[in-house]
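Architecture and fold: a report
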Amino acid sequence: MKIMLIGPSAAGKTTLIQRLIDKEIKYDKTQTVEYVGNFIDTPGEYMQQRGYWGSLTITSHDADIIGLVQDSTSEDCWFSGGLTTKFEKPVVGILTKIDRKDSNQSQARSYLELAGCRDIFAVSSYTGEGVDELSDSLHAMVERYKKENARRYEADYFD
Ligand SMILES: Nc1nc2c(ncn2[C@@H]2O[C@H](COP(=O)(O)OP(=O)(O)OP(=O)(O)O)[C@@H](O)[C@H]2O)c(=O)[nH]1
Ligand SMILES: [Mg+2]
């Protein structure tokens, strides 16, 4: 299974992946699309600059689940309304940095809802809050998707 994270620069995508796969938390600017274990990490610029959208779209075909990542301390929303309909696969919303005092979860949640996300998770990659719940849900989603699409895909497609 592959989960692709999309969101603006500094939203916390790479740090969340580090947390999810128990790697040392260390700032590492994403320069290009990177396959890290079961995750596909993408640079924020790929969604913030229109010219790179093609590359995100093509890469999304490699993913089983898409995660839209919104920094809960940011006033900015880079997701267009109904964005989730562009992907023909499950899309979840993830709001990050909930450990910070300036976190505004309800605003971040509303941005993700407008983008079309129904399942929304709130996490802190620093404290780990919400990360297990996200991880369990992603696994459950992949299992469900695998069962529903058993006839469409080879058994080893999700390895
Ligand atoms: N307080 C707090 N800071 C976080 C959290 N997650 C990420 N950060 C910080 O936010 C900054 C950006 O995090 P990244 O994970 O590199 O962001 P990104 O979305 O991968 O950014 P690009 O690679 O530029 O697309 C770093 O300084 C992180 O340490 C969090 O849960 N809490
Ligand atoms: Mg990154």
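Before reading further, recall that the structure is shown in the block above.
Along each chain, residues carry numbers from 1 onward, in the same order as the chain's sequence is written. Whichever chain is written first is A, and whichever ligand is written first is 1; the rest continue in order. Where totals are concerned, whole chains, interfaces and linings use all residues; where local detail is concerned, this predicted model gives features only for residues with pLDDT of at least 70, and gives and counts side-chain atom pairs only at 80 or more. Side-chain descriptors were evaluated using all non-hydrogen atoms of the structure, hydrogens and water having been removed beforehand.

**Let's talk about the coordination of the magnesium ion (ligand 2)**
- The protein atoms that coordinate the magnesium ion (ligand 2) are T14 (OG1) and T30 (OG1), at distances of 2.0 Å. Of this pair, T14 sits in helix α1 (residues 13-20) while T30 sits in the loop between α1 and β2 (34-36), placing them 16 residues apart in sequence.
- On the basis of relative accessibility, which here comes to 16%, the residue T14 falls in the buried class.
- For every residue, the accessible area (1.4 Å probe, protein chains only) is compared with the maximum for its type, and the residue is labelled buried under 20%, exposed over 50%, or partly exposed between those bounds. Classification of T30 as buried rests on a relative accessible area of 7%. For Na, K and Ca the donor cut-off is 3.2 Å; for every other metal, N, O and S atoms count as donors within 2.8 Å. Water does not enter the count, which can leave sites looking incomplete. Starting at the N terminus, helices and strands are each numbered in turn, a helix being any DSSP run of H or I of at least four residues and a strand any DSSP run of E of at least two.

**Re the nonpolar core**
- To define a nonpolar core, start from buried Ala, Val, Leu, Ile, Met, Phe, Trp, Tyr and Cys residues and group those joined through side-chain atoms within 4.5 Å. Membership of the largest hydrophobic core comes to 21 residues, with the highest contact counts inside it found for M4, I6, I66, L68, F79, L95 and L112.
- Listing elements by their share of this core, those giving two or more residues are β1 (3-6), α2 (45-48), β4 (65-71), β5 (91-96), α4 (105-115) and β6 (120-122).
- The element best represented in this core is α4, accounting for three residues.
- One finds I65, V131, L138 and M141 within the second-largest nonpolar core, a separate group that totals 20 residues.

**With respect to the state of the cysteines**
- The term disulfide is used for any two cysteine sulfur atoms that are within 2.5 Å. Evaluation of the coordinates by the stated rule reveals zero disulfides.
- Left unpaired, C77 is separated from the closest cysteine sulfur, that of C117, by 9.9 Å.
- C77 sits in the partly exposed class, given a relative accessible area of 34%.
- Since its relative accessible area comes to 4%, C117 is described here as buried.

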